[in-house]
Structure formats: structure tokens, C-alpha cells
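A closer look at the structure
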Amino acid sequence: SCPVYSKVAPAAVEETDSRMPKKEPVAEIFESVSDGLKQLYRSKIRPIEEAYKFGEFYSPYMNDSDFDAKPMVLLLGQYSVGKTSFIKYLLGRDFPGAHIGPEPTTDRFIAVMHGQEDKTTPGNALAVSANMPFRGLEMFGNGFLSKFQGAQLDSPLLHHVTLIDTPGVLSGEKQRIGRTYSFTEVCAWFASRADVILLLFDAHKLDISDEFKEAIEALKGHDDKIRVVLNKADAVDSQKLLRIYGALMWSLGKVIKTPECMRVYIGSFWDQPLRGSEWSRQLFEMEMRDLLTDLKNVPKNAAVRKVNELVKRVRLAKAHAYIVGHLKKEMPSYFGAQKAQAKLLANIEEHFLKVHRAHSLPVGDFPDVAKFRAVMEGHDLTKFPKLDTKAIAAMEHVLAHEIPKLMAQFPQEGTVSHSNSAVGSALTHVEAHVRSTTPPPQQIAYAPPPPPQQQQQPPPPPQGSSEQVGSNPYGAAPPPAVAWSVLPEDKARYDEVFSTLAPAGGKASGQTVRPILERSQLPVDVLRQVWNLSDIDRDGALDADEFAVAMHLTRECTAGRSLPATLPADVCPPSKRHLLPS
């Protein structure tokens, strides 16, 4: 791949002596996107994180191995839903430490990685290995590391991805005993580093236990990575499958609180032939093929995801530094520090609002209030440094200049020939299993509709008639323009909120808008309908006018009014009314 050259930010160049001649900025050579991200994080981001103890409030500090790691696929699900069988299905063979059965067999987290020979590595050894991306797991102690191991084998697919097998999520009293670590916190750690998260469900067991619910809720903020797999679907007939699919979507709607529907793949992911009717088999083959296509794109999108995760982390670190700097400034110089800190934390929401207004920070970059307060109570605010404006400027320079230069290298690292073809050859055995051998059913042939009857045209007006040119002056007048029900003062206020979401290309995604809509405390089903009515052009994002519609509808619902079945013309912004059905 071609190296990327970028000049060092002027703010990062230190003047050691005013008498010495100033040196010209030296170009940094990045051999890859990962190498560039490592350099930027190590030199300009991590020092700020360490100064303001960012790692204790969010995820641990990153190491070089985190950037060099292969893409990761995390599998989650209750016991006996087929997680280990799914990995065996992808690899085409067993892996060391795999146990398959109807009872809870996998009792540990297993990182399935590439190696020259089959072997297992204990969790403590993986956590201290410099070339493994598991250093951050040391924070969970021996209670977890004794239940974590690596499985290495020579498989073509593992040249490109790492698969994480997890213990089956338990239910009832079983989930409260036997765990020597926090299952949800470990899942959150892996989710933050995974490229794809597969939630597996058994067609015969759709209940979501308390522990599984907590694990899914711990995935908040990573909704774009989640794929839902309804496994063992060929064990039921077509009528039951439709009912099971509806029940699964109903259950997920109570746990995954997003306005959008989750993508669900239906199939039977093991090495046995598919059962069921011809219609069912063709459905399963198409669904399984779609999932394989999704997995093929994981290495291709790895560089983009690493950049995306670092940008997200930098934005959080910048907001964290502003918050801590503000709280530090509010502390007294000499006496009463303990009481002052307790008072600040008691009114932390008010101070978050002050920081938001003073620095125009997006609402989505602020931490969870309860979690921030709980962690900060264990620290002394007087020992934090003051706000370092130069360091903040260096972080903003990384976001505005350094990372966009790295994005130019994506075409070299994400080409189809390099990534998709390699992974596709590693999944040849799987594609052969899902390849349909029977032609699709012939479509019913309908007779062509009769030609429309020619309407008799009125005779043309005589020559010289005033009706020959122009339209009938006594014809029907065009309908008057309907005033927009969103008042101008409300629209101005909604635009101000919309600008804080940092819209990309004038659009805000569902993930960005969701925290704003959830402040209304409306049920998820209502918010889903609000989103469907507001996304008028059906592009999965909201512009400023559509966001105003969403805020208006939310306000109407909180006032006790019901939502309309379709968007009325007076609620639709004038710029979108041409999209409404006539």
C-alpha cells in the first residue's frame, strides 16, 4: 500500500530555544492506516487520556496491538443456540477446546485465532502477550482470565478474522452463581473492539433471560455492528417459522431500543443438509448467502472501522477533558474541597449543560451521568490538571486534518480483490453448502392488461379563438399552499439542537438522533412510528426539516395527542411535500 504523508501540526512543534533557527515540519511516513492511527494516538491522544484519567471512565488505554489486530467477530447467545457449531461451520472443521451439546457446554470465552498448529493458550498468557489485542482484559483479574483461552489452528479464514466464542447465557438462579467475573462488562469490552456482533437465537428458545438482556443492553452504542441470526430454522414448518419470526422481533423490540428494525438472518448454520419444504430451503439459502456476504466485507471495512472507533474515542476524550477542566475550575483553591466536590457531583447535569453551551459540544459526546458521577466519587478533583487548550487544539487538528489524510488510503486497503476474494476462497466450503441446486419456482404468468381506452378529445378551438393559446381563464384555481404547522420560533430552536448533533452532509443518523428523542420518555413503539413518519425520503437519516418534524411529533405525543397513520400535508415541510403520495 502507498504511504501517506502528512505534515506535523504546527501546534505540536516545540520551540526549544528562541536563538535556534526554526525547523521545517517533517513529513511523517505511514505505511498503513493502522500504522498512522498508532502514531497519532500515541503522540497526541493518549497523553491527554492519561492526564485526565480517561481510561478509568471509559474503556482502557489502547496499545499498538489493538490497532494491529485482525477484525473480530463476536458471537453471543443463550446456551445451545449453535454458537460453537456456527464457528465450526465457518471454519469447516473443529477447533481446539470446542464442545458441542444440548447442555451448556462452552464455559469460557474462546478466541479462535490463526496458528501454524492446533493448540490452546491460557487466558493469563494471552493477556500479557505484546502481540495480542487482549491486554485490556487484565482489568477483570484472574476470575475472568481463568475462564478465557485462545484456540489456534491453521484455517484460511483465520488469516483475515478472529472469532470469539462465548459461554451460553444462563437464566434464573444459574446466572447468579458460578460467575467469578461480570459477564456484561466483559461482553461490553469485546463489543467495543469487535467489527461484527452476532446475536444467535434458537427457533425453539426465543426467551431472553435477565443476563442476556443485560448483555444486549451493554452493547448500546454498537448497534451498527449487531446482526441477529435465527438459527435451527429448518427444524420447524413454514407456518411456525412465521410466528417465531414475529415473536423474535417482538422480544427484540423490548430490549434493543432503536427506531430502526434489526436485520435478522434466518437459516440453519451447520454442516447438515437443510430440511423443510422447497420454499423454506430456498429462503434459508438466500438468507445464509446474505450473511456470508456480510461477513466477507468484514476485512474490507476493517480500516474504516478502526478510523471510526478512534474518531469516536477522540470526541469522547475531548468532551471528557472539557468536563474535568470545568469541574477543576469550579473547585476552591484551599479549603472545603471535599464539600465542594460533593456539591458539584450532586448537580453534575447542570455542569454538563454549562460545558455543552460554552464549547458547543454535541450532546452525544457526553458520558452517562450516573456512571460519571460514580467513577468521579473515587477521585480527588484537586489532583486533576487544568484544561490544556493546546492539547485540545492538537486533538482537534487530528480530527480535522490528520485523519482525513489517512482516509485517502482506504481504496488501497479495502479493495475487493484483496479482501473479498481472499475471504471468499476461505469460505468456499460454506458457499457450496448454501448454493441452490434447484431452479426457483416459475412465476405465475398473468395476461397482459387491456390497452387503455382512448378518451375522445374535444375538437380544437377554431382559428383565431382566444382559447387557442393559454389555459382556460375560468378553470379550477390551483389549491392554496398549506402553512407548515411547525412554527418559525420552534423551527429555530430545533435547528439549534440539530446543529449540536454534528450532522454529516446535512444529515443526522438514527444513532445520533436517538438520545434526543428518548428524552421524551415515550415508548419505543411510539418513537419508531415517529421515526417512520419523519424520515420522509426514506434514506435512513434526518435532515434539518425532517428533524423538526420528529421533534414536533414527539412534542404532540407528550401533550397527549395521538400520532397520525400517515404524515399530514401541514406537518410535512414544504421542501418535502412533493414526496407525499398524491
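As shown above, the structure is provided for reference.
What this report covers is the structure whose coordinates are included nearby. All residue numbers here refer to positions counted from 1 along the written sequence of the relevant chain. Residue-level local features of this predicted model are given only where pLDDT is at least 70; pairs of side-chain atoms are given and counted only at 80 or more, and the full residue set underlies all totals for whole chains, interfaces and linings. The basis for the side-chain values is all heavy atoms of the structure; hydrogens and waters are excluded.

Digging into the sheet that holds strand S5 (residues 119-122)
The strands that make up a sheet are held in pairs by hydrogen bonds between backbone atoms, and each pair lies either parallel or antiparallel. At least two bridges found by DSSP between two strands is the condition for calling them paired. Helical segments are the DSSP runs of H or I of at least four residues, strand segments are the runs of E of at least two, and each set is numbered from the N terminus. What the eight strands build is an open sheet, ordered S5-S6-S4-S7-S3-S8-S9-S10; its pairing is mixed. The open sheet is flanked by S5 and strand S10 (264-266), the only strands paired with a single partner. Neighbour-to-neighbour, the strand axes of the sheet open up by a mean angle of 25 degrees, direction not taken into account. Bridging between strand S8 (residues 196-202) and strand S9 (residues 226-231) involves six bridges; their strand directions are parallel. Residue pairing for S9: Leu198 is matched across the bridge by Arg227. Along the sheet face, helix H10 (residues 278-300) touches S8, S9 and S10 and points at about 130 degrees away from the line of S10. Fitted lines through C-alpha atoms give the axes, limited to the stretch in contact for helices. The angle between two N-to-C directions lies from 0 to 180 degrees. By the convention used here, residues are in contact when the closest approach between their heavy atoms is within 4.5 Å.

Thoughts on the pattern of salt bridges
Only one rule defines a salt bridge in this text: a Lys or Arg side-chain nitrogen within 4 Å of an Asp or Glu carboxyl oxygen. Using the criterion set out here, one finds 34 salt bridges in the structure. Note that Arg514 is salt-bridged to Asp223, the shortest N-O span being 2.8 Å. With Arg514 in helix H20 (residues 510-518) and Asp223 in the loop between helix H8 (210-217) and S9, this pair connects stretches of sequence that are 291 residues apart. For the exposure calls, accessible area comes from a 1.4 Å probe over protein chains only, and a residue counts as buried if that area is under 20% of its type's maximum, exposed if over 50%, partly exposed in between. We classify Arg514 as buried; its relative accessible area is 8%. As a salt-bridge pair, Asp490 and Arg555 come within 3.1 Å of each other at their nearest N and O atoms. Of this pair, Asp490 sits in helix H19 (residues 488-499) while Arg555 sits in helix H22 (residues 544-558); the two residues are 65 residues apart in sequence, bridging distant segments of the chain. A relative accessible area of 12% means that Asp490 is categorised as buried. With relative accessibility at 43%, the residue Arg555 sits in the partly exposed group. Beyond isolated ion pairs, a larger network of salt bridges with shared partners links Lys507, Asp537, Asp539, Asp543, Glu546 and Lys576.

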